[in-house]
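Structure assessment
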Amino acid sequence: MSGNERITLELCKESDIKDGEMREFEVLGSSILLVKSNGTFSAVGNKCSHYGAPLSKGSLAGDRVRCPWHGACFNVKTGDIEEFPGLDSLPCFTVKVENGSVHIVTSKKALENVKRVKAMSRHCASDRSIVAIIGTGPAALVCAETLRQEGYTGQIIMVTKEKHLPYDRTKLSKAMNAKPEDIYLRTKEFFSQYDIEVRMEKEAVSVNTDEARVKFRDGSFLQYSQLLIATGSR
Ligand code: FES
């Protein structure tokens, strides 16, 4: 059997799960979350895309499951992530109910994916607009990715005074010997694949909103169409 071949696997009897319930199933070595909400079944990956918590231990409210560890939320019908932390969505599987049994239709390959990156646009040369984002924390990164997910084709320029790509700051107090690359939220390749530019070691010192320009400590400027200041606070 090839990895892409479609397979139909029985999970349980229809009557085994009540409305508003969810249950975890082990399917060919992968963990699947089966949910019955508003009278219909749906199935998504059971591992939270943030740090892998079992979502079956979280809480379900309508079509939304909340991770038990740090509260990321996912839509159980689509697998889409709806609340941070975490950046990726869950794989979503087709569910079929036949003769009182609940099945998922999938492939071996699809079962191997524990995360799903939403479809994203890229920069198109004819779009001259620029979104400038000061700061490279999670809010800044989610903004950049959401723009691409929503089809924005202008330039996206993230600027930080740090000398690293966006990283998981919470790890600084938990994984003291981690190398910077180990805690990056996205790889260098990811940023170039989706045309999200990250300018490092550039400290913004002022913004002239009348002229739509950011000034940096090194004396350079950045002209923007839209600006997000997401530097956090202290
Ligand atoms: S592991 Fe799920 S939110 Fe962190």
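None of these values were measured; they are calculated from a predicted model. (Residues numbered from 1 in each chain as written. Predicted model: local features only at pLDDT ≥ 70, side-chain atom pairs only at ≥ 80, totals over all residues. Heavy atoms only, no water.)

**A look at the UniProt feature "domain: Rieske" (unreviewed entry) in the protein**
Condition: UniProt positions are given in the numbering used here, feature names are shortened, and annotations may be inferred rather than shown by experiment. Helix and strand assignments follow DSSP, with helices taken as H or I runs no shorter than four residues and strands as E runs no shorter than two, numbered in order from the N terminus.
Annotation from UniProt places "domain: Rieske" (unreviewed entry) at residues 9-104. Segment residues 9-104 splits into 0% helix and 51% strand. End C-alpha atoms: 5 Å apart.

**Here's the deal with the side chain of Asp127**
Going by this rule: Throughout this description, buried means an accessible area under 20% of the type-specific maximum (1.4 Å probe, protein chains only), exposed means over 50%, and partly exposed covers the range between. Just so you know, the count uses Lys and Arg for positive and Asp and Glu for negative, and it drops His and the chain ends. What counts as a salt bridge is simple: a side-chain nitrogen of Lys or Arg found within 4 Å of a carboxyl oxygen of Asp or Glu. The term polar contact refers here to a pair of N or O atoms within 3.5 Å; inside protein, the definition further demands a hydrogen-donor-capable atom paired with an acceptor-capable atom, and it admits residues adjacent in sequence only when both atoms are side-chain atoms. When checking whether two residues touch, look at their non-hydrogen atoms; a contact exists if any pair is within 4.5 Å.
With respect to the secondary-structure elements, Asp127 resides in the loop between α1 (108-112) and β11 (130-134). Buried charge without a salt bridge: Asp127, with Arg148 as the nearest opposite-charge side chain at an N-O distance of 6.9 Å. Looking at Asp127, its side chain comes within polar contact range of the main-chain nitrogen of Gly154, at 3.1 Å. If near-sequence neighbours (up to four positions away) are discounted, Asp127 is found in contact with Tyr152, Thr153 and Gly154.

**So, the pairing of strand β10 (residues 101-106)**
Applicable threshold: Strand pairing requires that DSSP identify at least two bridges connecting the strands.
With respect to burial, β10 is a largely interior element, six of its six residues being buried. Residues Ser101, His103 and Val105 of β10 are buried on one face, and the alternating residues Val102, Ile104 and Thr106, pointing to the opposite face, are buried as well. As paired strands, strand β9 (residues 92-98) and β10 are joined by five bridges and run antiparallel to one another. Paired with Lys96 across the two strands is His103, which belongs to β10. A loop of two residues connects β9 with β10, the two strands running antiparallel in sequence, and Asn99 in this loop sits at a positive phi of about 50°.

**What about the sheet that holds strand β6 (residues 64-66)?**
The test is simple: Under this scheme, a helix contributes an axis fitted over its contacting stretch, all axes are lines through C-alpha atoms, and angles between N-to-C directions fall in the 0 to 180 degree range.
Strand order in this open sheet of four strands is β5-β6-β7-β8, and the pairing throughout is antiparallel. Taken across any chain shown, the strands that pair with only one partner, and hence form the sheet edges, are β5 (59-61) and β8 (81-83). If you compare each strand with its neighbour and ignore which way they point, the axes differ by 30° on average. Taken together, the three bridges between β6 and strand β7 (residues 73-75) define a ladder with antiparallel strand orientation. Pairing of Val65 across the sheet is with Phe74, part of β7.

**Description of the pattern of salt bridges**
For side chains of opposite charge, pairing can occur when their charged atoms come near one another. Applying the stated rule across the entire model yields 16 salt bridges. The closest approach of N and O atoms between Arg66 and Glu83, which form a salt bridge, is 3.8 Å. Here Glu83 lies in strand β8 and Arg66 lies in strand β6, a separation of 17 residues in the sequence. Residue Arg66 is classed as partly exposed on the basis of its relative accessible area of 36%. On the basis of relative accessible area, Glu83 is assigned to the partly exposed category, the value being 31%. Among the salt bridges present, the one from Glu197 reaches Arg199, with a minimum N-O distance of 2.6 Å. Overlapping salt bridges, with partners in common, bring together Arg64, Arg66, Glu82 and Glu83 in one network.

**Regarding the layout of surface pockets**
Here is the rule: Cavities and pockets were defined on a 1 Å grid built from protein atoms only: a cavity is a group of points that admits a 1.4 Å probe but offers it no way out, a pocket is an open group of points flanked by protein on both sides within 12 Å along at least five of seven lines, and a lining residue is one with an atom within 4 Å of any such point. Grid points are joined across faces, edges and corners, and a volume is the space filled by probe spheres set on the points. Domain extents, as shown, originate in an automatic or database domain assignment.
Put simply, the largest pocket is a space of about 1,200 Å³. Lining the largest pocket are 44 residues; nearest its centre among them are Thr136, Gly137, Pro138, Tyr167 and Arg169. Within the residue set of the lining of the largest pocket, elements represented by two or more residues are α2 (138-149) and β14 (204-208). A total of four residues in the lining of the largest pocket trace back to one element, the largest contributor, which is β14. Counting contributing residues per domain, the lining of the largest pocket is built from domain 1 (7-112) and domain 2 (130-229), each supplying no fewer than three. Its volume calculated, the second largest pocket comes out at about 200 Å³.

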